[in-house]
Amino acid sequence: MTADAPAVRHRPKDRKQQILVHARDLFLELGYPGVSMAMIADRVGITAGALYRHYATKAELLEAVVRDAFSGAVPAAGGLSLEELIDREIAAVAGRPHMADLWSREARYLPGEMRREIRAVMRQAAQSYVAPLRAHRAGLTAEQAELIAWSIQSVLSCLGRDSVRLPAGNGQALVRGAARALPDLPLPDLPPENLPPGNLPPEDRPRDGGGARPRRAAGLAPASTRERLLIAARRQFAAAGYQESSMASIGAEADVTGQNLYGYFDSKVALLRAVLTRGTHALWLDLDAALETAPDPAAALPLVVAGYVRVSGDWAELRLDLVGDPGLAEEFKGAQREYIAEWVALLRAVRPALAPAEARALVQTALTVLNDLRRTPHLARQPGFATWRTAIAQAILASKPEPARKP
């Protein structure tokens, strides 16, 4: 070979894995609707034609990304203790920190069959906790054990959630302590309760992690046209995502069409702003009432947690960074930070030994678990669900860091 001969370029053996990694990062960063195949090819450093040789469509690539993320999620072998199960899952999540965010954000764009497949994997993983939980705690019903199992999994997923900022020094210990606090959580038997407005009945929840919600099957609709539009928008933004919802579909659900619709809201962004403002005000009004009536922080904190369970509704499910309006997203993210800071201040008043970063991480973990449980329809059908969610969040806030056991 002479000095002037062109170098032979070899295709990397791990090209397909590189594509999956870069596509995953872009889906998490921008959301599935905001990503194009050209963007993925550019991030990988290949042509769009080369990318299409590996994956024919963006939908096919999303399926491959999710399958890759969940490939290590296998049920644990029998005979493990609760502590061993938790430590095993901590190691698994640490190796695949993107699983929970991929599922919660992008599952709605997967085919129904695949959503059911991943949901079955998650159920199997949760089921591996049920027998050890019932052995650990006599009298625990299968339903209660399953609720605790899903709560533990949600806590452990916080090791890889971008909505939870864990302290650098003891983040894993903090998560481990929160997960280990849940098996002994008091969950009294309760009669069937009427779910408060913040907890939608199962028929109003998305099926299999995604899909559009049906029209409300029961209850009265407001006479106010504007209010009906806000309710329909809130439901559709949470279920289908902001980008996938349309003014036409929102208007159809609220029985408002044509110019009547735009007489109330001149754009989808204006409708989103109104929905977010309503949710923010509802949370603050409830929190303010709790602070007014409580004699001290220790009494206020449970009231604030119960209030969030009661009124948070679909607002908690909206992805502000994917609405295509950075100014709007930053405005309401600021409101979220202020609300979380109020929880942190109360928690530190009750537990002054907690560092600010630890208190914030516990609050973010508790809120994440509350939202995850609410999005799990078969759990939400359990009598006492709202009360139990409140107790679970309180147990997380009261938990202490636990370092890993020595081998």
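Residues numbered from 1 in each chain as written. Predicted model: local features only at pLDDT ≥ 70, side-chain atom pairs only at ≥ 80, totals over all residues. Heavy atoms only, no water.

Q: What is the right way to read the pattern of salt bridges from this model?
A: Pairing is possible between side chains that carry opposite charge, provided their charged atoms lie close to one another. Per the stated rule, a full pass over the model turns up 16 salt bridges. When the shortest N-O distance is used, the salt bridge between Arg273 and Glu331 registers 2.7 Å. In this pair, Arg273 sits in helix α13 (residues 268-293) while Glu331 sits in helix α15 (residues 326-350), placing the two residues 58 residues apart along the sequence. Within the structure, one salt-bridge network assembled from shared partners comprises Asp101, Arg105, Arg161, Asp162, Asp372 and Arg375. (Salt bridge = Lys/Arg side-chain N within 4 Å of Asp/Glu carboxyl O. Helix = DSSP H or I, 4+ residues; strand = E, 2+ residues; numbered from the N terminus.)

Q: Please explain the packing of helix α1 (residues 15-30) against helix α6 (residues 99-106) as it appears in this structure.
A: Any two packed helices are characterised by the angle at which their axes cross and by the distance between the axes. For the pair α1 and α6, the least separation of the axes is 10 Å and the interaxial angle reads 55°. The orientation of α1 with respect to α6, classified from their angle, is oblique. As for the relative orientation of α1 and α6, their crossing is left-handed in sense. Residues Arg24, Phe27 and Leu28 of α1 pack against Asp101, Leu102, Arg105 and Glu106 of α6. For the contact of α1 with α6, the residue count by class is three nonpolar, no polar and four charged. (Axes fitted to C-alpha atoms, helices over the stretch in contact; angles between N-to-C directions. Parallel < 35°, antiparallel > 145°, perpendicular 65-115°, else oblique. Left-handed = near helix turned anticlockwise from the far one by under 90°. Contact = heavy atoms within 4.5 Å. Nonpolar A, V, L, I, M, F, W, Y, C, P; charged D, E, K, R; others polar.)

Q: When you look at the environment of Met114 in this model, what are you seeing that I'm missing?
A: Relative to the elements of secondary structure, Met114 occurs in helix α7 (residues 112-136). Counting along the chain gives 47 residues from Met114 to Arg67, while the straight-line C-alpha distance between them is 9.0 Å. Ignoring sequence-local partners within four residues, the contact set of Met114 consists of Glu63, Val66 and Arg67.

Q: Quick question: what am I supposed to make of the nonpolar core here?
A: One recurring pattern in soluble globular proteins is that nonpolar side chains are buried together. Judged by nonpolar contacts, the single largest core of 94 residues is most densely connected at Ile40, Leu61, Tyr129, Trp343, Ile396 and Leu397. If we ignore the near neighbours within four places in the chain, the residues touching Leu397 are Leu301, Val305, Trp343, Leu347, Arg351, Leu362, Val363 and Ala366. Ala232, Phe237, Val256 and Leu261 belong to the second-largest nonpolar core, a separate cluster that totals 21 residues. (Core = buried A, V, L, I, M, F, W, Y, C linked by side-chain atoms within 4.5 Å. Buried < 20%, exposed > 50% of the residue type's maximum accessible area, 1.4 Å probe, protein only.)

Q: Please clarify how helix α14 (residues 297-311) should be interpreted in this entry.
A: Residues spaced three or four apart along an α-helix face the same direction, because each turn holds 3.6 residues. Between its first and last C-alpha, α14 extends 21 Å over 15 residues, near the 21 Å set by a 1.5 Å rise per residue. When we look at burial in α14, the residues that qualify are Ala300, Leu301, Val304, Val305, Gly307, Tyr308, Val309 and Val311. Where α14 is buried, its residues contact α13, α15, α16 (356-374) and α18 (385-398). Capping the start of α14, Asp296 holds a side-chain oxygen 3.1 Å from the backbone nitrogen of Ala298, two or three residues further along. Within two residues after α14, Gly313 carries a phi angle of roughly 55°, on the positive side. (Expected span 1.5 Å × (residues − 1). Polar contact = N/O pair within 3.5 Å; in protein donor to acceptor, adjacent residues only side chain to side chain.)

Q: It is not clear to me how α18 should be interpreted in this structure. Could you clarify?
A: A rise of 1.5 Å per residue sets the reference length of α18, with its 14 residues, at 20 Å; its end C-alpha atoms lie 20 Å apart and thus fit the reference within 8%. Here α18 lies mainly inside the structure; 11 of its 14 residues are buried. Within α18 the residues assigned to the buried category are Phe385, Ala386, Trp388, Arg389, Thr390, Ala391, Ile392, Ala393, Ala395, Ile396 and Leu397. In the core, the buried residues of α18 are packed alongside α8 (142-157), α9 (171-181), α14, α15, α16 and α17 (377-380).

Q: Hey, could you run me through the packing of aromatic side chains in this one?
A: One pair of aromatic rings is described through two measures. These are the centre distance and the angle between the planes. Enumeration over the complete set of coordinates arrives at eight aromatic pairs. The interplanar angle of 75° and the centroid separation of 6.4 Å between the aromatic rings of Phe70 and Trp103 together place this pair among those described as edge-to-face. Residue Phe70 is located in helix α4 (residues 58-70), and its partner Trp103 is located in helix α6; the two are separated by 33 residues in the primary sequence. Exposure remark for Phe70: the relative accessible area of 12% places this residue in the buried category. Of the aromatic side chains, those joined through ring pairs into one cluster are Trp284, Tyr308, Tyr339 and Trp343. One residue, Lys16, lies across the ring of Tyr55, its end atom 5.3 Å from the ring centre. (Phe/Tyr/Trp six-rings, centres within 6.5 Å; stacked < 30°, edge-to-face > 60°. Lys NZ or Arg CZ within 6 Å of the ring centre and 35° of its normal.)

Q: How should I be thinking about the environment of Arg360 in this particular structure?
A: Positionally, Arg360 belongs in helix α16. Judged by its relative accessible area of 27%, Arg360 falls in the partly exposed class. When sequence neighbours within four positions are dropped, the list of residues in contact with Arg360 reads Arg165 and Val344.

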